[in-house]
Amino acid sequence: MELTITGVNTITYPYLHIWDWRVAVYLFLGGLTGGLMCMSAIANLRPGKVVARDQPCCWRIPLLAPIILSVGMFFLFLDLEVKKNMFWFYLTFKPLSPMSWGSWLLVLIYPPMILYAFAAVPDDFKAGMKPGLLKTWSDRMRPHLLLLARINFVLGILLAIYTGILLSTFVARPLWNSSILPVLFLVSGMSTGTALMIMMAKRDEVKLFFTKVDIWLIFSEIVVLLLLFYGHYTSDAAHRASIMPFFNASHQFFPYFLSIVALGIFLPLAIVLKFLEVKGEHSQHLGASGRFLMHASAVLVLIGGFIIRFALVYAGQLSKFSGLS
Amino acid sequence: MPRYAMVIDQSRCVACMACVVACKRENDVPPEHYRTRVLEMVEGRFPKLKSEFRSELCNHCSNAPCVTVCPTGASHKEEDGTVQIDRNKCVGCKACLAACPYDARYINEEHGFADKCSFCQHRLKAGKMPACVATCVGGSRMFGDLNDPDSLVSQLLRENPYRVLLEAAGTKPNVFYINQYPRKS
């Protein structure tokens, strides 16, 4: 008879639960902002300017991006336990701390985002604006639109990938401790950003263009997600144990199991819907059902991105370097 | 400059938990949290079973991941080798809790800052031993300066095979364990 008992004093034994939905929402909104920055930059930089004529993609998205990021940062602020000491983030720079990099990035990213939003205001909208600071800045930034779009594209990638780097550096949490995780968060952020672009765009050809982009992004997301799990499964015992909650339908781990089932349905379904849209006859305007399918698949992608952040944030805290216990 | 370390002789631990109580009292640790704990483990094939009592606390690692990830420098290494927390700089982001493979940290919910074993720094400054060491009835916990070759901890580590917890994590702990299983008399 093999007897292995870990007689732990349950009162004194620690149980890690430090980051909750607020951090998951912040990671989701951070990735979404990164995706919006990149995709709106593509809208403005794309040769032919077909996309740039779509006003929501052209300037409402650049305007929306800093607002979404601010909401995300508000949730992050809520998670801080000593809010009055927050100024220490900006009196220190720790080159080896991802959170230090992130806190500086989150502040330095705002000026290019806001200037980009100014530069992207269309002429016909500006014509209705009263002369003032906003109009002056918009006129000043307009000649730099393409440069600002390029800067936003790079910063969008940095923002989306940073949210994954933040988690992946914790050697103590095997589920997060993978160089694949930042790539997953990057692709997921781009995909959710594209989904919101599809929902906000008015012109059918713009919706179709980003639908095609999103098909590739969702494919990539699924591949990277599978690689993350496969990498952990073939790694050491602690990494293998860290993914087990996703494949265990017991009461304790059911939410994680459910999240994988949901992702397994939502993401492929979104691809199928998008293929139907792209393959359809669109010489005329998209019908109501076509638009509904487009928005439905975009919502599926957004929910998928949300589930990925939630599941990974919570399940990562169950994992231990020494394995589950 | 000293380099403080703790050596835990597991064969002398009786799991009386006096260290846990002394620590909580000395450092005003909130009721729901602990800076040190004693694990009781039994393993093997019946009737050949082995039991182990293992005291765990912050390992004051030489390569401390909590110090690396701290964005404000609140978690820092002191010159004496201990890892300490500057409570006035801590924002309560909890990155250090996630980074510690020993789960040695907690958030002081009353004040918000991260907290952990400090090797009773205030007692060290007064020339005293940490509270858990001073109270240990079996003499299981021993504390001293690794840079002093004549210190008790230096002698013990010279004379005994020792191990550290989760060595593969690469944290280079300064809490060492000797005599994992009690010797047969």
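For the structure, check the block above.
The numbering scheme is per chain: residues are counted from 1 as the chain's sequence reads. To label them, take the chains in the order written and letter them from A, then take the ligands in the order written and number them from 1. Given that this is a predicted model, residues contribute local features only at a pLDDT of at least 70 and side-chain atom pairs are listed and counted only at 80 or more, while totals for whole chains, interfaces and linings are drawn from all residues. Here the side-chain values reflect all heavy atoms present in the structure, with hydrogen atoms and water set aside.

Some thoughts on the overall build of chain B
Part 1 of the argument: Strands here mean DSSP runs of E at least two residues long; helices mean DSSP runs of H or I at least four residues long; both are numbered from the N terminus. Summing up its helical and strand segments, chain B has six helices and ten strands in all.
Part 2 of the argument: Between the two quantities, the radius of gyration covers C-alpha atoms and the globule rule is 2.2 Å times the number of residues to the power 0.38. At 16 Å, chain B has a C-alpha radius of gyration in line with the 16 Å of a compact globule built from 185 residues.
Part 3 of the argument: Overall, the C-alpha framework of chain B stretches about 50 × 40 × 35 Å when taken along its three principal axes.
Part 4 of the argument: The buried label goes to any residue with under 20% of its type's maximum accessible area, the exposed label to any with over 50%, and the partly exposed label to all in between, with areas taken from a 1.4 Å probe on protein chains only. The buried share of chain B, taken over its 185 residues, is 61%.
Part 5 of the argument: Any two residues whose heavy atoms approach within 4.5 Å are treated as being in contact. Taking the contacts inside chain B whose residues are at least 6 apart along the sequence as the reference set, 57% of them involve residues at least 24 apart.
Part 6 of the argument: Looking at chain B as shown, the accessible area adds up to about 8300 Å², and 50% of this sits on carbon and sulfur atoms.
Part 7 of the argument: The positive count covers Lys and Arg only, the negative count covers Asp and Glu only, and His and the chain ends enter neither. For this purpose, a charge sits on NZ of Lys, CZ of Arg, CG of Asp or CD of Glu. Within chain B, one finds 25 positive and 21 negative side-chain charges whose respective centroids are separated by 4 Å. Using a 1.4 Å probe, accessible areas were evaluated by the Shrake-Rupley method; residue-level cover was limited to the displayed protein chains.

Re the overall build of chain A
Part 1 of the argument: Looking only at helices and strands, chain A features twelve helices and one strand.
Part 2 of the argument: For chain A, the α and β elements follow one another from N to C terminus as β-α-α-α-α-α-α-α-α-α-α-α-α.
Part 3 of the argument: Here chain A holds 325 residues, and 52% of them are scored as buried.
Part 4 of the argument: Residue pairs at least 24 apart in sequence account for 77% of intrachain contacts in chain A once pairs closer than 6 positions are excluded.
Part 5 of the argument: For chain A, the exposed surface amounts to about 14800 Å²; the carbon and sulfur share of it is 72%.

Side note on the sheet that holds strand β8 (residues 141-145) of chain B
Residues and elements named next belong to chain B.
Part 1 of the argument: Pairing between strands is defined by DSSP: at least two bridges between them are needed. Sheet architecture is open: four strands sit in the order β8-β1-β10-β9, paired in mixed fashion. The open sheet has two edge strands, β8 and β9 (162-163), and neither has a second partner.
Part 2 of the argument: As judged from the four bridges shared by strand β1 (residues 4-9) and strand β10 (residues 175-178), these two strands associate in the parallel manner. Bridge pairing in β10 links Met 6 to Val 175.

Some thoughts on the packing of aromatic side chains
Ring pairs (aromatic) are described by centroid distance and by the angle formed between their planes.
All names here are of chain A.
Part 1 of the argument: Here a pair means two rings of Phe, Tyr or Trp (six-membered ring of Trp) with centres within 6.5 Å. Their orientation is stacked below 30 degrees between planes, edge-to-face above 60, and tilted elsewhere. Applying the stated criterion to the full structure yields 20 aromatic pairs over all chains.
Part 2 of the argument: Look at Phe 209 and Phe 210: their rings are 4.9 Å apart centre to centre, the planes differ by 70 degrees, and that puts the pair in the edge-to-face class.
Part 3 of the argument: Aromatic side chains Phe 229 and Phe 247 sit 5.6 Å apart centroid to centroid with 75 degrees between the ring planes, which places their arrangement in the edge-to-face category. Taken together, the residues span a long stretch of sequence, with Phe 229 in helix α9 (residues 204-233) and Phe 247 in the loop between α10 (237-243) and α11 (254-279) at a distance of 18 residues.
Part 4 of the argument: Judged by its relative accessible area of 10%, Phe 229 falls in the buried class.
Part 5 of the argument: Here, a charge over a ring is recorded when the distance from Lys NZ or Arg CZ to the ring centre is within 6 Å and its angle to the ring normal is within 35 degrees. Here Arg 140 stacks its cationic end above the ring of Trp 137, 5.7 Å away from the centre of that ring.
Part 6 of the argument: Above the face of the Tyr 233 ring, Arg 240 is positioned so that its terminal group lies 4.4 Å from the ring centre.

Things to note about the interface of chain A and chain B
Part 1 of the argument: Facing 37 residues of chain A, the contacting portion of chain B comprises 43 residues.
Part 2 of the argument: Among the ionic pairs, Asp 79 of chain A bridges to Lys 94 of chain B, the shortest N-O distance being 3.1 Å.
Part 3 of the argument: Counting of polar contacts relies on pairs of N or O atoms within 3.5 Å, with two restrictions inside protein: one atom must be capable of donating a hydrogen and the other of accepting it, and residues adjacent in sequence are counted only when both atoms are side-chain atoms. For the pair chain A and chain B, the interface holds 19 residue pairs in polar contact (both at pLDDT 80 or more).
Part 4 of the argument: Listing elements by their share of the side of chain A that touches chain B, those giving two or more residues are β1 (2-7) and α3 (98-108) of chain A.
Part 5 of the argument: Of the residues forming the side of chain A that touches chain B, the biggest block, six residues, is contributed by β1 of chain A.
Part 6 of the argument: Of the residues assigned to the side of chain A that touches chain B, the class counts are 21 nonpolar, ten polar and six charged. Take a side-chain nitrogen of Lys or Arg and a carboxyl oxygen of Asp or Glu: if they are within 4 Å of each other, that pair is a salt bridge. Amino acid classes used here: Ala, Val, Leu, Ile, Met, Phe, Trp, Tyr, Cys and Pro are nonpolar; Asp, Glu, Lys and Arg are charged; the rest, including Gly, are polar.

Remarks on helix α1 (residues 18-27) of chain B
All names here are of chain B.
Part 1 of the argument: Along α1, the residues classified as buried are Cys 19, Val 20, Ala 22, Cys 23, Lys 24 and Asn 27.
Part 2 of the argument: In this fold, the buried residues of α1 make contact with β2 (36-45), α4 (121-125), α5 (131-135) and β8.
Part 3 of the argument: Phi turns positive one or two residues past the end of α1, at Asp 28, with a value near 50 degrees.

Brief notes about a nonpolar patch on the surface
Residues and elements named next belong to chain A.
Part 1 of the argument: The patch calculation keeps residues exceeding 30% relative accessible area without a salt bridge and links them within 9 Å when they carry like charges or within 5 Å when they are nonpolar (Val, Leu, Ile, Met, Phe, Trp, Tyr). Where nonpolar side chains cluster on the molecular surface, the patch consists of Phe 153, Val 154 and Leu 158 and spans about 240 Å² of accessible area.
Part 2 of the argument: Among the structural elements, Val 154 can be located in helix α7 (residues 145-168).
Part 3 of the argument: When its relative accessible area of 47% is taken as the criterion, Val 154 is described as partly exposed.

Considerations on the environment of Asn 174 of chain B
Residue and element names in this part refer to chain B.
Part 1 of the argument: Tracing the chain through its elements places Asn 174 in the loop between β9 and β10.
Part 2 of the argument: On the basis of relative accessible area, Asn 174 is assigned to the buried category, the value being 1%.
Part 3 of the argument: Along the sequence, Asn 174 and Gly 112 sit 62 residues apart, while their C-alpha atoms lie 27 Å from each other.
Part 4 of the argument: In this structure, Asn 174 is in contact with Arg 3, Tyr 4, Ala 5, Met 6, Asn 59, His 60, Cys 61, Ser 62, Lys 77, Gly 81, Phe 119 and Leu 146, ignoring residues within four places of it in sequence.

A few points about the side chain of Gln 121 of chain B
Part 1 of the argument: Topologically, Gln 121 of chain B is positioned in helix α4.
Part 2 of the argument: Note on Gln 121 of chain B: relative accessible area 18%, which makes it buried.

Points about the pairing of β1 of chain B
All names here are of chain B.
Part 1 of the argument: The element β1 is extensively covered by neighbouring structure, given that six of its six residues are classed as buried.
Part 2 of the argument: Residues Tyr 4, Met 6 and Ile 8 line one face of β1 and the alternating positions Ala 5, Val 7 and Asp 9 line the opposite face, and both faces are buried.
Part 3 of the argument: In this structure, β1 lies alongside β8, joined through five bridges in antiparallel fashion. Considered in β8, the bridge of Met 6 is made with Phe 143.

Regarding the nonpolar core
As a rule of thumb, nonpolar side chains are buried together in soluble globular proteins.
Part 1 of the argument: We call a set of buried residues a nonpolar core when its members are Ala, Val, Leu, Ile, Met, Phe, Trp, Tyr or Cys and they connect through side-chain atoms within 4.5 Å of each other. Ranked by internal contacts, the top residues of the largest apolar core, which has 126 residues, are Trp 19, Leu 184, Phe 210 and Leu 312 of chain A together with Met 6 and Phe 119 of chain B.
Part 2 of the argument: If one sorts the elements of this core by residue count, helix α1 (residues 21-45) of chain A sits on top with 13 residues.
Part 3 of the argument: The contacts of Leu 184 of chain A, once residues within four sequence positions are left out, are Glu 221, Val 224, Leu 225, Leu 228, Ile 308 and Leu 312 of chain A.
Part 4 of the argument: Core analysis: the next-biggest nonpolar cluster, separate from the first, contains 13 residues, Trp 59, Ala 120, Val 121 and Leu 145 of chain A among them.

Thoughts on the environment of Met 141 of chain A
Residues and elements named next belong to chain A.
Part 1 of the argument: When you line up the elements, Met 141 lands in helix α6 (residues 133-141).
Part 2 of the argument: By relative accessible area, which is 12% here, Met 141 ends up buried.
Part 3 of the argument: Sequence-wise, Met 141 and Ala 41 are 100 residues apart; in three dimensions their C-alpha atoms are separated by 15 Å.
Part 4 of the argument: Each residue touching Met 141, except ones within four places of it in the same chain, is listed here: Leu 115, Phe 118, Ala 119 and Leu 148.

A look at helix α8 (residues 180-200) of chain A
Part 1 of the argument: The terminal C-alpha atoms of α8 of chain A lie 30 Å apart, and with 21 residues this matches the ideal 30 Å at 1.5 Å per residue to within 8%.
Part 2 of the argument: Of all 21 residues making up α8 of chain A, 17 are buried, and the element is well covered by its neighbours. Multiplying 1.5 Å by the helix residue count minus one yields the expected span of that helix.

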